[in-house]
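In case you want the letters, here they are:
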Amino acid sequence: MTTDAPHPRPTARLRAAAGVLRDVFAGPYARTFARAQQDEDDLFMVIVMAEALGVPNPASYYTVELLPVVYDQVHDWHRRMGLDRSPLDHFSCC
Amino acid sequence: MNSLVLALIGVTMILAGYALYSRFLASKIYALDDSRPTPAHELEDGVDYVPTNKYVLWGHHFTSVAGAAPIVGPAIAVIWGWLPAFLWVTIGTVFFAGMHDLGALWASVRNKGQSMGALSGRYIGARGRNLFLVVIFLLLLMVNAAFAVVIAGLLVSTPTAVIPTWGALLVALGVGQAIYRLRWSLPVVSIVGVVALYALIWVGDQVPLALPETVAGLPANAIWIILLFVYAGIASMLPVWVLLQPRDYINGLQLFIALGILYGSVLLARPEIVAPAVNGNVPEGTPGIVPLLFVTIACGAISGFHGMVSSGTSSKQLDKESDARFVGYFGAVGEGLLALGAIIAATAGFQTLAAWEEVYSAFGQGNVGAFVSGGGAIVQSGLGLPESLAATILATTAILFAATTMDTGVRLQRFVVQEIGEIGGVRLGKGVSTLIAVGVALALTFGAGVDGSGGMLIWPLFGTTNQLLAALTLSIVAIMLLRRGRTALPALIPLAFVGVMTLYALFIQLGTFWSEGNWLLLVLDIVILVASLWVMVEALGAMRKAKDYQGDDDAELEQLSASEIAGQSARGDSAPDRRDG
């Protein structure tokens, strides 16, 4: 949005203005799409970790392979779920 | 009085308020501190909490809060003369609205970006929060019903606005496709979109369309209202990128252009104000200026909905605490300027006092029609546009604002209906809940007669409900200031004033509805009255406790997580985040 140059060239200013315009257009709605994606990701997370959370999961034979992939996201996920600490006994992230 | 002098005095007062009073509020009262991380940084998640450039954020904040209400309220309120409306808009913007909007932003930023509903739970108690939900439901109902009536009235009185109003939907659909399918660059799309919109306005001016006086036994008004609700129902269910997003964007650009056209015309034409400064000769049936002035002009002076936008979305995107002054206070300044433009249009755009009195022949008669015809005359003499074209531009502007508010309102009401259903153990689908949301609003609109006048009758109730929300927000701000041992007077004085005026107005209306036998509005009035008394008592108790508070509120808040502040799952907290009015 802003440029570090002391005297930005007119083209840079125009580009910055176009950037502000783009953010004004997309801002609130990008959030709508991001939230939709986040909801899907959260659901996926629950399915993958069902067994670890104590929920019997007939597909755990397959999902267990995905656990290392989702571990990076556990911290953000449990905070979004309103849990301050990780709900997993064997996994403490904070 | 010349309108240019009035415009200059008003703009100077409002801008001086921003330069001086907001600086005082930011440094001494709210003590904005850039060394504190804002929720946007602390809880950044790329979805709700995103640090945003302050100009971009101001753009969103302003277009979210600027709807039809800053036009409708002042255009009705000048019936008491231009001076009371002018004073309430200017003083209200500086000392009430700016303070309130900035305060809401500050309160939410210090509480991890939680909404006013969640904060009322924390500072006033769980009952405060329940009350908040009741108020939201009623507010949305009123917005949907009243705005449908306003738009229908404009479509009937300005047939030239019919083509641009419905054609704007095609422009929006085209803009959405151009950006997402054809991948055009946004500046090009913006220019093409605005040019297309103005071309439609020109076409509409050449080809006015009017419905026959009655269709299938229903007056034209009623037909438009039904069509509008059908549109809003469909629009609220479509994916946002198809219609709502490009529509909001083009309307935002149109807002700035229309404001520029109006003020530019005042500068060039300098018309005399024909309306009296204080109207001693009000039409029969006009309610008393005190307290009705203060609830008729809600947005443009002080509006509770602004606090909901501030705390619902803006607070989660604030990059630095000091940006709150620009986003919150200057957002109110933009709204105040829109209201000031509406006052000038509705008082200076007439040839003679007699012509003005003819329009303002009864309370509520002036309305947006006076803004459109008066503003059209000013634009005609200022820019030399034909009067009907100028009126079409302003009518289309007003309609587009009201319509975007309405389709978002129906969408939000759908969520509320679904939530209520879930509490009752019924899972309502998208279609059914939209039908319920639209059905309730239609019932209210036609509750007073087949002409749909029920929607406008509740306008004063919109004002009171909105002011009640503002009082709730101000009481939270006051409690937070008291807990920090700072002077709370900048919040307490507006709170006392707004609270007393709102209660007074509700009592007066209670008597009116009772004598008219208008049971629907009587019940709504009682609900709001009970809610306001309830919140006042609760807030007073909370303030007494806050005075004796010994701890460090900021340090305490830092220990809490966002979900603890909300008292519920952080994800369950979502305030309406789009336009109000």
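Residues numbered from 1 in each chain as written. Chains lettered and ligands numbered in written order. Predicted model: local features only at pLDDT ≥ 70, side-chain atom pairs only at ≥ 80, totals over all residues. Heavy atoms only, no water.

1. Quick word on the overall build of chain B
Heads up, the condition is: Helix numbers and strand numbers start at the N terminus; a helix is a DSSP run of H or I with at least 4 residues, a strand a run of E with at least 2. Values of the radius of gyration come from C-alpha atoms, whereas the globule rule sets the reference at 2.2 Å times the count of residues to the power 0.38. Think of it in three bands: residues with accessible area under 20% of the maximum for their type are buried, residues over 50% are exposed, and the middle band is partly exposed, with areas taken using a 1.4 Å probe on protein chains only. Here a residue-residue contact requires only that any non-hydrogen atoms of the pair lie within 4.5 Å. What sets the accessible areas is the Shrake-Rupley method with a 1.4 Å probe; for residues, cover comes only from the shown protein chains.
For chain B, the helix and strand inventory stands at 24 helices and two strands. In summary, chain B has a C-alpha radius of gyration of 23 Å against a globular reference of 25 Å for 581 residues, a match within 12%. Seen through its principal axes, chain B has C-alpha atoms that stretch 65 × 55 × 50 Å. The 581 residues of chain B split such that 62% are buried. Considering only intrachain contacts with a sequence separation of at least 6, the fraction spanning at least 24 residues in chain B is 86%. As displayed, chain B has an accessible area near 20400 Å², and 66% of this comes from carbon and sulfur atoms.

2. Quick notes on the confidence of the model for chain A
Worth spelling out the cut-off: pLDDT is a residue-level measure of predictor confidence that goes from 0 to 100.
Residue-level pLDDT values for chain A average 82, and 94% of them are 70 or greater. Helix H4 (residues 74-80) of chain A is the least confidently modelled element of chain A, averaging 83 in pLDDT, while helix H1 (residues 10-49) of chain A averages 87, the highest of any element.

3. Concerning helix H16 (residues 367-383) of chain B
All names here are of chain B. Heads up, the rule is: Expected helix span is taken as 1.5 Å per residue step, with the number of steps being one fewer than the number of residues.
The first and last C-alpha atoms of H16 sit 24 Å apart over 17 residues, in line with the 24 Å expected at 1.5 Å per residue. Counting buried positions along H16 gives 12 out of 17 residues, so the element sits mostly inside the fold. Of the positions making up H16, those classed as buried are Asn 367, Val 368, Ala 370, Phe 371, Val 372, Gly 374, Gly 375, Gly 376, Ala 377, Ile 378, Val 379 and Gly 382. Just past H16, the residue Gly 384 takes up positive phi, approximately 75°.

4. A closer look at a nonpolar patch on the surface
Stated formally: Only residues whose relative accessible area exceeds 30% and that take part in no salt bridge are eligible for patches, with like-charged residues grouped when within 9 Å of each other and nonpolar side chains (Val, Leu, Ile, Met, Phe, Trp, Tyr) grouped when within 5 Å. Here, a salt bridge means any Lys or Arg side-chain nitrogen found within 4 Å of an Asp or Glu carboxyl oxygen.
There is a patch of nonpolar side chains on the surface, built from B:Met1, B:Val5, B:Ile9, B:Met13, B:Leu87, B:Ile91 and B:Phe95 and spanning about 540 Å² of accessible area. Take B:Phe95: it is sitting in helix H5 (residues 82-110).

5. Brief notes about the side chain of B:Lys316
The line we're drawing: Within 3.5 Å is the distance limit for a polar contact, defined as a pair of N or O atoms, with the added protein rule that one can donate a hydrogen and the other accept it, and that residues adjacent in sequence qualify only through two side-chain atoms.
If you trace the backbone, B:Lys316 turns up in the loop between helix H13 (304-312) and helix H14 (323-348). Within the structure, B:Lys316 has its side chain in polar contact with the backbone oxygen of B:Gly312 (distance 2.7 Å).

6. Here we look at helix H6 (residues 116-123) of chain B
All names here are of chain B. Burial within H6 is extensive, with seven of its eight residues counted as buried. Looking at H6, one finds that the buried residues are Met 116, Gly 117, Ala 118, Leu 119, Ser 120, Gly 121 and Tyr 123. Positioned one or two residues after H6, Gly 125 has a phi angle of 125°, which is positive.

7. A look at unusual backbone geometry
Residue B:Val290 is joined to B:Pro291 through a cis peptide bond whose omega torsion reads 10°. Within the fold, B:Pro291 resides in helix H12 (residues 289-296).

8. A short note on the interface of chain B and chain A
To keep it simple, the criterion reads: A 1.4 Å probe defines the accessible area here, and the buried area is the portion of it lost by two parts on being joined, summed over both.
Counting residues at the interface gives 29 residues for chain B and 25 residues for chain A. Between chain B and chain A lies a buried interface of about 2300 Å² when both sides are counted; carbon and sulfur atoms form 63% of it. Our enumeration of links across chain B and chain A arrives at one salt bridge. Among the salt bridges present, the one from A:Arg35 reaches B:Asp48, with a minimum N-O distance of 2.3 Å. Where chain B touches chain A, the interface holds five residue pairs in polar contact (both at pLDDT 80 or more). Residue assignment for the side of chain B that touches chain A shows that the elements contributing at least two residues are helix H3 (54-65), helix H8 (162-180), helix H9 (186-206), helix H11 (244-269) and helix H24 (562-566) of chain B. For the side of chain B that touches chain A, the leading source of residues is H11(B), giving five residues.

9. Here we look at the nonpolar core
Rule in force here: Side-chain atoms within 4.5 Å link the members of a nonpolar core, which is a set of buried Ala, Val, Leu, Ile, Met, Phe, Trp, Tyr and Cys residues.
Residues B:Tyr30, B:Val368, B:Phe371 and B:Trp459 are the most contacted members of the largest nonpolar core, which totals 185 residues. Per element, the largest residue contribution to this core is 20 residues, and it comes from helix H7 (residues 126-157) of chain B. Look past the residues within four positions of B:Tyr30 in its chain and what remains in contact with it is B:Leu25, B:Met99, B:Leu102, B:Gly103, B:Trp106, B:Arg110, B:Val477, B:Leu481 and B:Arg486. One finds A:Phe25, B:Val171, B:Val175 and B:Leu200 within the second-largest nonpolar core, a separate group that totals 13 residues.

10. Considering the packing of H12(B) against helix H20 (residues 459-483) of chain B
Residue and element names in this part refer to chain B. The line we're drawing: For helices, the axis comes from a line fit to the C-alpha atoms of the stretch in contact; other axes are also lines fit to C-alpha atoms, and the angle between any two N-to-C directions lies between 0 and 180 degrees. Throughout this description, any angle smaller than 35 degrees is read as roughly parallel, any larger than 145 degrees as roughly antiparallel, any in the 65 to 115 degree range as roughly perpendicular, and the remainder as oblique. Charged residues are taken to be Asp, Glu, Lys and Arg, nonpolar residues to be Ala, Val, Leu, Ile, Met, Phe, Trp, Tyr, Cys and Pro, and polar residues to be all remaining types, Gly included.
Following both chains from N to C, one finds H12 and H20 inclined at 75°, their axes separated by 8 Å at the closest point. The angle between the axes of H12 and H20 places the two elements in the roughly perpendicular class. The segment H12 lies against H20, with Leu 292, Phe 294, Val 295 and Thr 296 engaging Trp 459, Pro 460, Gly 463, Thr 464 and Gln 467. Residues belonging to the contact of H12 with H20 are distributed by class as follows: five nonpolar, four polar and no charged.

11. Examining the packing of H5(B) against H14(B)
Residue and element names in this part refer to chain B. Put simply, the test is: Each helix crossing is assigned a hand: it is left-handed if the near helix lies turned anticlockwise from the far helix by less than a right angle, otherwise right-handed if that turn is clockwise.
The contact between H5 and H14 brings their axes to 8 Å, and the two run at 165°. Here H5 is positioned roughly antiparallel relative to H14, judged by the angle of their axes. Judged by the twist between their axes, the crossing of H5 over H14 is right-handed. On H14, the residues touching Trp 82, Ala 85, Phe 86, Val 89, Thr 93, Val 94, Ala 97, Gly 98, Met 99, Asp 101, Leu 102 and Leu 105 of H5 are Ala 324, Arg 325, Val 327, Gly 328, Tyr 329, Ala 332, Val 333, Gly 336, Ala 339, Leu 340, Ile 343 and Thr 347.

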